[in-house]
Amino acid sequence: MAKTLFDKVWDTHVVDSIPNGPQILYIDKHLIHEVTSPQAFNELKNRNIPIFRPKQIVATADHNTPTENQHLPVKDELSRNQLQQLQQNCDAHGIELYALGHQYNGIVHVMAPELGITQPGMTLVCGDSHTSTHGAFGAIAFGIGTSQVAQVFASQSLLLKKPKKMRITVNGNLHENVLPKDVILYIISKLGTDSGTEHFIEFAGDVFENMSMEGRMTVCNMSIEMGARGGMIAPDETTFAYVKGKKFAPKGADFDTKVAYWKTLKTDASARFDTEYTFDASDIMPMITFGTNPGMGMKLTENIPNANDSNLEKSLNYMNLEKGASLVGQKVNYVFIGSCTNSRIEDFRVAANYVKGKQKAPNINAWLVPGSQLVVKQIQEEGLDKIFQEAGFKLRQPGCSACLAMNDDKIPAGEYCVSTSNRNFEGRQGQGARTLLASPLVAAATAIAGKIVDVTVPVLEEV
Amino acid sequence: MSSFNTFTSTAYPLPVENIDTDQIIPARFLKATNRAGFGENLFRDWRFQKDGSPNPDFVLNQEKYSGSILVAGHNFGCGSSREHAAWALKDFRFNVIVSSFFADIFKGNALNNHVLPIQVTPSFLETLLQTIQNDPSTQLEVNLEAQTLAIGNDFKTSFEIDPYKKMCLLKGYDDIDFLVNNLNKIEAFEQQHIY
């Protein structure tokens, strides 16, 4: 029978099927962090159940960590306690932990791919909804709750009903200044935040085939913002080249064997999807959100919808924005470049390329937060840190930071923030904060202008 | 975990769509390392004003409403996978959430905590919300065995639930029990698995 990429990976991980019930799905890699793991460790301890496969678990500290002075003790007592518990739990069970300050520390969805922990054809879970990121490698990767974290601890497996399959195809050439973030914000704005529910998405077509791994990760990362459990892109030469040589990637003959297998992970021509959508790349332009969910987005050059809709009105009331208004020219005092969506080297290259030779606007507070220690190292090696410094920016240390504002990186109430993160929910970046999601290019341009500028048109140079 | 019984209760109406888990429990309250006490901060930023006093306009602060059922708008529980959202709802005393649509991860988290998500049609939801708002003493009857939600005899709907999950709720089982009993199969699988 013809199979999709998703079928091929799923079916090779089914341990057993319960008649008229869920399947036991084997999990290859389990990533954990400080916020959603302590209750799972406690659950196993209370029930006297051992951790089944500690060597298949990798831990990092990211959600609740400071992005300055990481060498000093964490000031907040509750945060410090949570980090200590992660350390103790990992020590007690022999789990690899990249704690604060470790050379591999970083946001879980930045760290695992760049170390080669994430590989095509795997199943991978984490107690974090943006685990969908790893689907960029042709893996089945999805976020789970803490009860499921405990289940994977106990059995390296989960009980799941096989999700439905959706394919989103985007063919054609992207316009200049349209980045992967714009592609996914565009798709979500067209389909809505509930459109992917109960589905796994495969992103197909030229646009994704021509994307770098960083770009594919940005796209798959936000599949959850459509309600989908995960997104996937078929592995290809771009994927194999990225994985090759990474610390935990297969080596030598083993790598070649794996690549031969990975090459089979493509949707068969006659395979069927439950739901299909197709978009034309030429319709996609730089995007920005105006509301309080990621589906409330528009092209930078468009105006906020003028619809009679109580949910829109509730959102605009929170955002203090008017129906029918344009966001171009909107004054903004905060810019955040970071998060598991856009904190990889490519994102900082885009930002550095734009700010080079320019100066940060005086009203702007810009937080540039690399996704991992390895990204920091790469930024330094490429000299991007100097470009940022000369333009008036300061780089912070890795972590989730202002994406969810669990640490001190909070946007003050009432302030607008152009953010490269993934969620513009009420209060997401701090109580009363107003988030405008956009690409790293739009964020960088905002930081220079002190207001939102239209990056779809090249800025005219004075002759 | 205790088993889920058929029961009757009044309900709170919350007719807002796309309620994300950041609203149910904001991230700044996720620093705890146990499951208890999250109910205190359930819907924190909607429930309390900036000075910390209760927001009189928010449904959980209105004395006319009571009960252990929350009736909410389309796409309830979207966003973050934080199970703290299910813990907060349960800790507050909700053991049934009714909506016309649930986000996947939340639905799974709720069931794993024996909080029952009941999905109804948009028109049933509309009528239900109006009925509760017109008369906050309206009693809703939830029958898991029969998979029905009813107000009296004339207003009744059936709902879907995975048969395995239904059995877990009725008998008080959870997935860990099941998986740990299948470790031999999992070990056998590992022997032939590529990774």
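Residues numbered from 1 in each chain as written. Chains lettered and ligands numbered in written order. Predicted model: local features only at pLDDT ≥ 70, side-chain atom pairs only at ≥ 80, totals over all residues. Heavy atoms only, no water.

1. A short note on the pattern of salt bridges
Residues and elements named next belong to chain A.
And step 1. This model, assessed by the stated rule, comprises 32 salt bridges over all chains.
And step 2. The partner of Arg396 in a salt bridge is Glu68, and the shortest N-O contact between them spans 3.4 Å. Here the residue Arg396 occupies a position in the loop between helix 14 (384-390) and strand 17 (416-419), and Glu68 occupies one in the loop between strand 4 (57-60) and helix 3 (77-93), the gap between them amounting to 328 residues.
And step 3. According to the relative accessible area criterion, Arg396 is buried, its value standing at 15%.
And step 4. Note that Asp236 and Arg216 form a salt bridge whose closest N and O atoms lie 2.8 Å from each other. (Salt bridge = Lys/Arg side-chain N within 4 Å of Asp/Glu carboxyl O. Helix = DSSP H or I, 4+ residues; strand = E, 2+ residues; numbered from the N terminus. Buried < 20%, exposed > 50% of the residue type's maximum accessible area, 1.4 Å probe, protein only.)

2. Let's talk about the sheet that holds strand 6 (residues 123-126) of chain A
Residues and elements named next belong to chain A.
And step 1. The five strands are arranged 5-4-3-6-7 in an open sheet whose pairing can be described as parallel. Two strands lie at the open edges of the sheet, namely strand 5 (96-98) and strand 7 (140-143), each paired on one side alone. Each strand of the sheet is rotated relative to its neighbour by a mean of 20°, with strand direction disregarded.
And step 2. Across four bridges, the pairing between strand 6 and strand 7 is parallel. Note on strand 7: the bridge partner recorded for Thr123 is Ile140.
And step 3. Across the sheet, helix 5 (residues 146-155) is in contact with strand 3 (29-32), strand 4 and strand 6; its angle to strand 3 comes to roughly 135°. (Pairing = 2+ DSSP bridges. Axes fitted to C-alpha atoms, helices over the stretch in contact; angles between N-to-C directions. Contact = heavy atoms within 4.5 Å.)

3. Some remarks on the pairing of strand 1 (residues 14-17) of chain A
Residue and element names in this part refer to chain A.
And step 1. Bridge analysis of strand 1 against strand 2 (residues 23-26) gives three bridges, and the strand direction is antiparallel. When the sheet's bridge partners are listed, Asp16 is paired in strand 2 with Ile24.
And step 2. Counted between consecutive antiparallel strands, the loop separating strand 1 from strand 2 contains five residues, among which Asn20 sits at a positive phi close to 55°.

4. Regarding the packing of helix 6 (residues 180-191) of chain A against helix 8 (residues 213-221) of chain A
Residue and element names in this part refer to chain A.
And step 1. Running from N to C, helix 6 and helix 8 cross one another at 25°; their axes reach a closest spacing of 8 Å. One element, helix 6, and the other, helix 8, form an angle in the roughly parallel class. Crossing of helix 6 against helix 8: the hand is right-handed. For the pair helix 6 and helix 8, contact is made by Pro180, Lys181 and Ile184 and by Gly215, Thr218 and Val219, respectively.
And step 2. A per-class count over the contact of helix 6 with helix 8 returns three nonpolar, two polar and one charged. (Parallel < 35°, antiparallel > 145°, perpendicular 65-115°, else oblique. Left-handed = near helix turned anticlockwise from the far one by under 90°. Nonpolar A, V, L, I, M, F, W, Y, C, P; charged D, E, K, R; others polar.)

5. A short note on the domain arrangement of chain A
All names here are of chain A.
And step 1. Domain assignment breaks chain A into domain 1 (5-276) and domain 2 (287-449).
And step 2. Averaged C-alpha coordinates put domain 1 and domain 2 at centres separated by 24 Å.
And step 3. Contact between domain 1 and domain 2 buries roughly 3,500 Å² in total, counting both sides, with carbon and sulfur atoms accounting for 57%.
And step 4. Where domain 1 touches domain 2, the interface holds three salt bridges.
And step 5. Where domain 1 packs against domain 2, one counts 25 residue pairs in polar contact (both at pLDDT 80 or more).
And step 6. For the side of domain 1 that touches domain 2, the secondary structure elements donating two or more residues are helix 4 (108-114), helix 6 and helix 8. (Domains from an automatic or database assignment. Buried area = accessible area lost by both parts, 1.4 Å probe. Polar contact = N/O pair within 3.5 Å; in protein donor to acceptor, adjacent residues only side chain to side chain.)

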